[in-house]
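Each chain, letter by letter, is given below.
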Amino acid sequence: MTGTGRDNAFQEIRPVQALRTPTFEFTEVRGHGDFAEHDRRLEELARDAAAAAASQTALVLAPPVATLTEMSLDLGPDGEELLEDARANAGAGEYQLALDQLAEYLQNAPDHQEARYLRAYCLFQLGGPDQVKALRILRPLRDERVEAGLRERIRDLRGELRRRLTPLEVTAYTETVRTDPPGALARVEAFLELAPEEGTLSYLLAVGQARDGDLELALDTATRGAAEADVDQEPVRALARRLLLAQLAPMAAPAVTEFKEGNLHRARHALLRMDPRWRRNTVLDDFDAFLALLIDLPRQIPLPAPKLPPDRTEDLYSLIAETDGQQAALLMQTGRAEQAERLLAHVLSLVPRFPWLNFLYAACLYRLGREPDRAAECAETAVRDPGLTQAAELLEAIRGWQEATVINPAVKEYVDAMESVRDGVSVDRLTTLRHRLSALERRLPVLKAAARSEEGVQVVQELKKAIAQRLKEVDNAMVVGGLYEKYDRVMSTVKGGVSGAQAADRLAGSLDGLAQEIRTTRKNAGKGSTSSQLDDLAKLVSDRRAEVSRVKTSVQVSDLVRRFNQLAEQQSGTNLQSRPRDPYAVRRQLSDILGDAQQLRRSAKGSFEARDRTLLDELIGTISRTLR
């Protein structure tokens, strides 16, 4: 035998499954000259506009009331009665009649504010194309000095008209901008004049103008829109910032280049030499202040962040590193991630909190399979920018990658350890296996801390359970292996055969002791593969023990036959001196042999081989006849 032999318990174990590293495809490209993100925004606007148009419910506006302002002209009693009748008809829902009366009234008093408001109100109630006309009538009233009560009604009516009409205009723009860009821009520009509070309209117009190559006009549109909008102001404000940066970037390039080369004083001089028309803005003032801060500080990498609000910090970082980010993105998209990593690592040391560059660097490290913790740190910075639509997906992929880099090696070590005993085990192999599994068990807290996903937690739990089960089985198998090795040692003492009854007794005693150990171990092991192996070993020991009994009986029979034969030879031999002088001595010896034979016949019972039983019976019969 060799140890435990084939150990099925270790071969039927289902391996713990390793984590699959999530996939991530980089598509995020952002730049002043790239309007991919604006295309996405356009699609969002189209969906939002369609949803808004489908879910519109009419706003209940206050009906016209008595005169809120004094007449600007004295039209006499007839004019005053005409306005009163128009009010009454508008309040009663007779809008067309009220419009006719108001048209007549306004011929003599074209600037009368209440009459103009009432006309817009009636057109609004009639619906259809008249609502655009109503908004056009109200547009001048927005900027005029109007009595407070009427101003509130004008504001409410304009608000309801904007709410109804703006989604229709956005939808019209998105449906025609690809086939008729000039026509789409002209229409949105015309409507923007009627509703300058709608930031979406300024956004659409500015993007269209930028696409046409007129960045200055686009910047003016976005800047004015950001100032006047009271709806969707943030997107147009952000667009204005990016358009400004697009204008500044080529003019500030000399200063940025000097900064990147570490020539801070030269960078400030380059800013001073810029065209004053462009030099006077917040971004370049922030750049100059940042340079002054760095000059006063000891040189350090990465550079400290500028002492600015987040939006201004991002503008400054964009001015410095936007071009490098676009170049790195192009390198990554053309399969040159190694070059992109070197470029990003350098530039990111200058602008360490720039979300977009952090996003690019995280994606680059993920693609190269390097520094998962650094990649996660960069991705966490990137998700702070809501404009980076892939940042959250990237962070999730990196977190999966992080846990996989920690957990999967442990899973592989477990699988390799179990493979080491697939072809059979010995006590030495089991000892090595136990050492490897115990080392893995000590690593479980680290693996648990590294698990960031539900799948990761499950894998660690499965691994923990598997290790505990395998250690228990190894401990049991080592006990079994020890018993097998003890059996091997016992049996090795009789490799040349059993030399006599005493040797058989010693072997029998050893086997009996081993059988008792097996029974005790079997009782403690309970059910399972170990108990089956113990049963096999117990049967093996039992078989050897029975064999020893048969061998001993055979040896004893042989000894009795030898004693009888020696006595017979003495009596029949020619050497008279060797014969016993007392004839009764021979009978005593024969009686002793017979007694021993009969005792052996009674005690041995089932341990006889057939040949030995026949031989012993013949011996007993022969001696019995001789003694008669």
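Remember, predicted model here, so these are calculated numbers, not experimental data.

**Description of the pattern of salt bridges**
In step 1: Evaluation of the coordinates by the stated rule reveals 32 salt bridges.
In step 2: Measuring nitrogen to oxygen at the nearest pair gives 3.4 Å for the salt bridge that ties R242 to E322. A residue pair is termed long-range when its members are at least 10 positions apart, and R242 in helix 11 (residues 233-260) and E322 in helix 15 (residues 310-333) qualify at 80 residues. Like E322, R242 is buried.
In step 3: Connected through salt bridges with shared partners, the residues R139, R142, D143, R158, R162, E197, E198 and D230 form a single ionic network.

**Let's talk about the environment of E393**
In step 1: Position of E393 among the secondary structure elements: in helix 19 (residues 391-419).
In step 2: In this structure, the C-alpha to C-alpha distance between E393 and V383, residues ten residues apart in sequence, is 9.3 Å.

**A word on the side chain of Q247**
In step 1: Within the fold, Q247 resides in helix 11.
In step 2: Residue classification places Q247 among the buried residues on the basis of a relative accessible area of 11%.
In step 3: In this view, Q247 contacts L215, E216, L219 and W278; residues no more than four positions away in its chain are not counted.

**Examining the packing of aromatic side chains**
In step 1: By the definition in use, this model includes seven aromatic pairs.
In step 2: With a centroid separation of 6.1 Å and an interplanar angle of 50°, the aromatic rings of F259 and F290 are classed as tilted. Of this pair, F259 sits in helix 11 while F290 sits in helix 14 (residues 282-296), and the two are 31 residues apart along the sequence.
In step 3: A relative accessible area of 1% means that F259 is categorised as buried.

**A few points about the confidence of the model for the chain**
In step 1: The pLDDT averaged across the chain works out to 82; a share of 85% of its residues lies at or above 70.
In step 2: Within the chain, helix 1 (residues 8-11) has the poorest average pLDDT of any element, 45, and helix 5 (residues 113-126) the best, 94.
In step 3: Taken together, the stretch residues 1-9 has pLDDT below 50 and engages in 21 contacts with residues farther than four places along the chain or on a different chain.

**What to know about the side chain of Q131**
In step 1: Here Q131 lies in helix 6 (residues 130-143).
In step 2: Relative accessible area serves as the criterion here: at 8%, Q131 is assigned to the buried category.
In step 3: Not counting residues up to four positions away in its chain, the partners in contact with Q131 are L123, F124, L161, R164 and L165.

**As for the nonpolar core**
In step 1: Formed by 115 residues in total, the largest nonpolar core has its most connected members in F259, F287, L319, L357, F359 and I398.
In step 2: Ranked by size, the runner-up nonpolar core spans 23 residues in total, among them V411, Y414, A451 and L471.

**Concerning the packing of helix 14 against helix 15**
In step 1: One way to put it is that helix 14 packs onto helix 15 with a least axis distance of 9 Å and a crossing angle of 80°. Overall, the two elements helix 14 and helix 15 adopt an arrangement that is roughly perpendicular. From helix 14, T282, V283, L284, D286, F287 and F290 reach across to helix 15, where they touch R312, D315, L316, L319 and I320.
In step 2: Partitioned by chemical class, the residues of the contact of helix 14 with helix 15 number seven nonpolar, one polar and three charged.

**Re the packing of helix 4 (residues 95-108) against helix 5**
In step 1: The interhelical angle for the contact between helix 4 and helix 5, taken along N-to-C directions, is 150°, at an axis separation of 9 Å. On the basis of the axis angle, helix 4 is roughly antiparallel to helix 5. Considering how the two elements wind past one another, helix 4 and helix 5 form a crossing that is left-handed. Within the contact between the two elements, helix 4 uses Y95, Q96, A98, L99, L102, Y105 and L106 and helix 5 uses A115, R116, L118, R119, Y121, C122, L123, Q125 and L126.
In step 2: By residue class, the composition of the contact of helix 4 with helix 5 is twelve nonpolar, two polar and two charged.

The rules behind these values
Residues numbered from 1 in each chain as written. Predicted model: local features only at pLDDT ≥ 70, side-chain atom pairs only at ≥ 80, totals over all residues. Heavy atoms only, no water. Salt bridge = Lys/Arg side-chain N within 4 Å of Asp/Glu carboxyl O. Helix = DSSP H or I, 4+ residues; strand = E, 2+ residues; numbered from the N terminus. Buried < 20%, exposed > 50% of the residue type's maximum accessible area, 1.4 Å probe, protein only. Contact = heavy atoms within 4.5 Å. Phe/Tyr/Trp six-rings, centres within 6.5 Å; stacked < 30°, edge-to-face > 60°. pLDDT = per-residue confidence, 0-100. Core = buried A, V, L, I, M, F, W, Y, C linked by side-chain atoms within 4.5 Å. Axes fitted to C-alpha atoms, helices over the stretch in contact; angles between N-to-C directions. Parallel < 35°, antiparallel > 145°, perpendicular 65-115°, else oblique. Nonpolar A, V, L, I, M, F, W, Y, C, P; charged D, E, K, R; others polar. Left-handed = near helix turned anticlockwise from the far one by under 90°.

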